[in-house]
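Observations on the model geometry
Take a look at the letters that make up each chain.
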Amino acid sequence: MKIGIDITNLDPNFFGGSDTYCNGLLNGFAKDNKNKYQIYVNEKYFKIRKLKSKKNFNFIIIKDTFFNLLLRKIYNRFFPILSIFLFNKKYISEYYLRNTLNKDFKKIVEKNSNVLITPNVNLTVYNLKIPTITNLQDVQHLYFPKNFSFSEIQRRNFTFHNTAKYSELIISSTKFIKENLLKKFNFLNSSKIIIISSGVHKNLINFQFSKKKFNSYFFFPAQLWKHKNHILVLSAYSEYLKKSKIKRNLILCGKQYGQYSKA
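1. Concerning the overall build of the protein chain
For the protein chain, the helix and strand inventory stands at nine helices and nine strands. Its C-alpha radius of gyration of 20 Å places the protein chain within 12% of the 18 Å reference for a compact globule of 263 residues. Viewed in the frame of its principal axes, the protein chain has a C-alpha envelope of about 60 × 50 × 40 Å. Scored against the burial criterion, the 263 residues of the protein chain give a buried share of 40%. A fraction of 61% describes how many contacts in the protein chain between residues 6 or more apart in sequence connect residues 24 or more apart. A total of about 16,600 Å² of accessible surface is found on the protein chain, and carbon and sulfur atoms cover 58% of it. Charge separation in the protein chain, taken as the distance between the mean sites of 45 positive and 14 negative side-chain charges, equals 6 Å.

2. As for the sheet that holds strand β5 (residues 132-135)
Pairing within the open sheet is parallel, and its seven strands lie in the order β3-β2-β1-β4-β5-β6-β7. At either margin of the open sheet sits one strand with a lone partner, and together these are β3 (57-62) and β7 (193-195). Between one strand and the next, the sheet's axes are offset by a mean angle of 25°, whatever the strand orientation. Relative to β7, strand β6 (residues 169-172) runs parallel, the two sharing three bridges. The partner of Ile-171 across the bridge, within β7, is Ile-194.

3. Brief notes about the environment of Lys-247
In this structure, Lys-247 sits in the loop between α9 (230-243) and β9 (249-253). Along the sequence, Lys-247 and Lys-103 sit 144 residues apart, while their C-alpha atoms lie 57 Å from each other. The contacts of Lys-247, once residues within four sequence positions are left out, are Tyr-240, Leu-241 and Lys-242. From its side chain, Lys-247 meets the backbone oxygen of Leu-241 in a polar contact 2.2 Å long. Engagement of the side chain of Lys-247 in a polar contact is seen with the backbone oxygen of Ser-244, the distance being 2.5 Å.

4. Concerning unusual backbone geometry
A positive phi angle, near 55°, is found at Phe-87, a position not held by glycine. With respect to the secondary-structure elements, Phe-87 resides in the loop between α3 (66-82) and α4 (89-101). For Phe-87, a relative accessible area of 63% gives the class exposed.

5. Side note on a nonpolar patch on the surface
Together, Phe-66, Phe-67, Leu-70, Leu-71, Ile-74, Phe-78, Ile-81, Leu-82, Ile-84, Phe-85 and Phe-150 give the surface a local cluster of nonpolar side chains, amounting to about 1,100 Å² of exposed area. With respect to the helices, strands and loops of the structure, Leu-70 is situated in helix α3. Using a relative accessible area of 42% as the deciding quantity, one classes Leu-70 as partly exposed.

Criteria and cut-off values
- Numbers given for residues are sequential positions, taken from 1 along each chain in its written order.
- Whole-chain, interface and lining totals are the exception, using all residues; otherwise, since this is a predicted model, local features are given only for residues with pLDDT of at least 70 and side-chain atom pairs are given and counted only at 80 or more.
- Hydrogens and waters are ignored; side-chain quantities use all the structure's heavy atoms.
- Helix and strand assignments come from DSSP, with helices taken as H or I runs of at least 4 residues and strands as E runs of at least 2, each series counted from the N terminus.
- Radius of gyration here is computed from C-alpha atoms only, and the compact-globule reference equals 2.2 Å multiplied by the residue count raised to the power 0.38.
- Partly exposed residues are those whose accessible area sits between 20% and 50% of the maximum for their type, while under 20% is buried and over 50% is exposed, using a 1.4 Å probe and protein chains only.
- Here a residue-residue contact requires only that any non-hydrogen atoms of the pair lie within 4.5 Å.
- Surface accessibility in these figures is a Shrake-Rupley result with a 1.4 Å probe; residues are shielded only by whichever protein chains are displayed.
- Positive charges come from Lys and Arg, negative ones from Asp and Glu, while His and the chain ends are left out of the count.
- Charge coordinates come from a single atom per side chain, which is NZ of Lys, CZ of Arg, CG of Asp or CD of Glu.
- For two strands to count as paired, DSSP must find a minimum of two bridges between them.
- Where helices are involved, their axes are fitted lines through C-alpha atoms of the stretch in contact, as for all axes, and angles between N-to-C directions lie from 0 to 180°.
- By the criterion applied in these results, polar contacts are pairs of N or O atoms within 3.5 Å in which, for protein atoms, one can donate a hydrogen and the other can accept it, and in which residues neighboring in sequence qualify only through two side-chain atoms.
- Any residue with relative accessible area above 30% and no salt bridge may belong to a patch, with like charges joined within 9 Å and the nonpolar Val, Leu, Ile, Met, Phe, Trp and Tyr side chains within 5 Å.
- Counted as salt bridges are all cases of a side-chain nitrogen of Lys or Arg within 4 Å of a carboxyl oxygen of Asp or Glu.

Put into structure tokens, the structure is as follows:
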């Protein structure tokens, strides 16, 4: 098969969980010699990360014209605000807007691939003529809206809705997330969502930190955003230290985002 993987929305300067997940998938698929893979990537990511094609891998760079970039910026900035006046019509409006903005991407993918995997949450285009497999992550914006800006909430509302509706298959990492998706998107059928647990790199299972070896510790690998709940983790760890006889270390990691100073 010719299997397409869409990572066009990855930022080369971001090294968070979604980037790690996508690159982990690529490393895994690189060992598959039975199929051919077409990796759709933006030009900036391709150059900065110095990606190279392999025997079964072919990187296809997706470029935007100046006019298309301008339209995309307008779409990202103004449509989330305008969408509140469209009520339920915002979903169908965003469907056509996104398809129009990415019509060239659609042609390229349909020409080169038999199926498209979108590991970084949202479909780039909704009207592909080939099957689509999406890794739809949590719908946290519906449960904890305080963790997101107004525009982020609006954008996630319609992109998550349309991605769930127009994906052929949805991958969930846990049963809990699957139940959330079925609850929030009542048009979904349970058979459309399959659970594939998050993987752990075998070489990192016995990983030791370079500066100091810890025999026993809690490791919380998450960026320092508010919605990652570092404050709650620190509070729980404080209670643990008071009550437990075994004093395990707590190791946190992540870039200095908004919650860094409070943590």
